[in-house]
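Fold and contact review
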Amino acid sequence: MKRSDVAISRDGATRTPLAHFRLDAERKRRLIVAVADRVVSHADELTALDAAIGDGDHGHNMKRGFEAVLQDLDLLSAMDLPELLKAVGTKLVMKVGGASGPLYGTLFLALGKALPAEPSREDAAAAFASAIAAVRARGKSDAGQKTMLDVLIPSCEAFSSGDDLAGVKETAALAADATAPMRATRGRASFLGERSIGHVDPGARSSSLMIAALCDELREA
Ligand code: ADP
Ligand code: MG
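What counts, and at which threshold
- Residues numbered from 1 in each chain as written.
- Chains lettered and ligands numbered in written order.
- Predicted model: local features only at pLDDT ≥ 70, side-chain atom pairs only at ≥ 80, totals over all residues.
- Helix = DSSP H or I, 4+ residues; strand = E, 2+ residues; numbered from the N terminus.
- Rg over C-alpha atoms; globule rule 2.2 N^0.38 Å.
- Buried ≥ 20, exposed ≤ 12 C-beta atoms within 10 Å, placed from the backbone.
- Contact = placed C-beta atoms within 7 Å.
- Axes fitted to C-alpha atoms, helices over the stretch in contact; angles between N-to-C directions.
- Nonpolar A, V, L, I, M, F, W, Y, C, P; charged D, E, K, R; others polar.
- Near = placed C-beta within 6 Å.

1. As for the overall build of the chain
Within the chain one finds 11 helices and 0 strands. Shown N-terminal to C-terminal, the secondary structure of the chain runs as helices and strands in the order α-α-α-α-α-α-α-α-α-α-α. Against the 2.2 N^0.38 benchmark of 17 Å for 221 residues, the chain shows a C-alpha radius of gyration of 17 Å, consistent with a compact globule. Expressed as lengths along the three principal axes of its C-alpha atoms, the size of the chain is roughly 55 × 35 × 30 Å. For the chain, buried positions account for 45% of its 221 residues. For the chain, the share of sequence-separated contacts (at least 6 apart) that also reach a separation of at least 24 residues comes to 62%.

In structure tokens:
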């Protein structure tokens with residue numbers, strides 16, 4: 001059995017690779033806080049990345065969005081997982097703004113539509129893939145364009161192929177770094193053409209931060 005299956009299932013003696021992911025209100029609260037805190041505490045770094053190849057607002061945008069999510073923590077953690085994710089998506093659309101607000105909003109809304117209340121690992125992998133498809137459609141974008149998709153897609157592939165959560169986190173971090181030599185062909189950074197080369201994409205970095213926080217929290221629980 002893979003380590004991640006053990007970490008996700010938490011069924012004690014009866015756990016199996018297909019065991020469903022138990023989510024009580026406390027667990028949901030901890031997952032929300034883990035992801036939100038990671039984004040908020042890296043706001044300056046995200047803003048600095050965006051200042052290099054964009055307009056320098058990504059960290060502040062994301063911080064505003066996730067602070068709004070934290071304000072609704074009690075309400076959100078009482079919801080079932082699909083409703084919680086849809087509520088987070090709606091909040092991000094309303095509060096983050098820029099290009100990333102609607103795109104991350106789409107990601108969370110699509111996850112909420114695709115996931116059952118107690119997903120198996122297979123459910124989670126399928127939902128992640130369909131949420132990425134929704135982001136692609138919304139952004140008219142795909143892998144290789146120096147965006148958040150350059151982290152989301154390889155991370156989803158790693159998770160779907162059975163990598164443990166440490167491996168998924170590592171894939172996400174490496175994928176964010178790998179956006180540095182790319183030339184942006186979507187979003188504001190594409191206006192810079194060749195001059196976008198040499199900088200990590202801010203949305204790729206924020207995606208890797210969220211995935212890292214999620215993986216850390218799921219492994220610890
Ligand atoms: P804005 O560019 O409007 O200021 P942000 O700075 O909040 O918005 O977010 C920028 C990030 O959004 C980029 O680093 C990139 O990862 C992502 N992004 C922008 N456009 C697209 C797109 N069409 N598809 C996927 N991701 C995109
Ligand atoms: Mg920006």
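2. A look at the packing of helix 3 (residues 43-53) against helix 4 (residues 58-71)
For the pair helix 3 and helix 4, the least separation of the axes is 6 Å and the interaxial angle reads 145°. Contact residues: Ala43, Asp44, Glu45, Leu46, Thr47, Leu49 and Asp50 in helix 3; His58, Gly59, His60, Met62 and Lys63 in helix 4. In the contact of helix 3 with helix 4, the residues fall into 4 nonpolar, 4 polar and 4 charged.

3. Regarding the site of ligand 1
Taken together, 23 residues form the shell around ligand 1, and within it Gly98, Gly139, Thr147, Gly187 and Gly203 come nearest. Looking at the shell around ligand 1, the elements with two or more residues in it are helix 4, helix 7 (100-114) and helix 11 (202-220). Ranked by residue count, the leading element in the shell around ligand 1 is helix 11, at 3 residues. The residue makeup of the shell around ligand 1, split by class, is 6 nonpolar, 10 polar and 7 charged.

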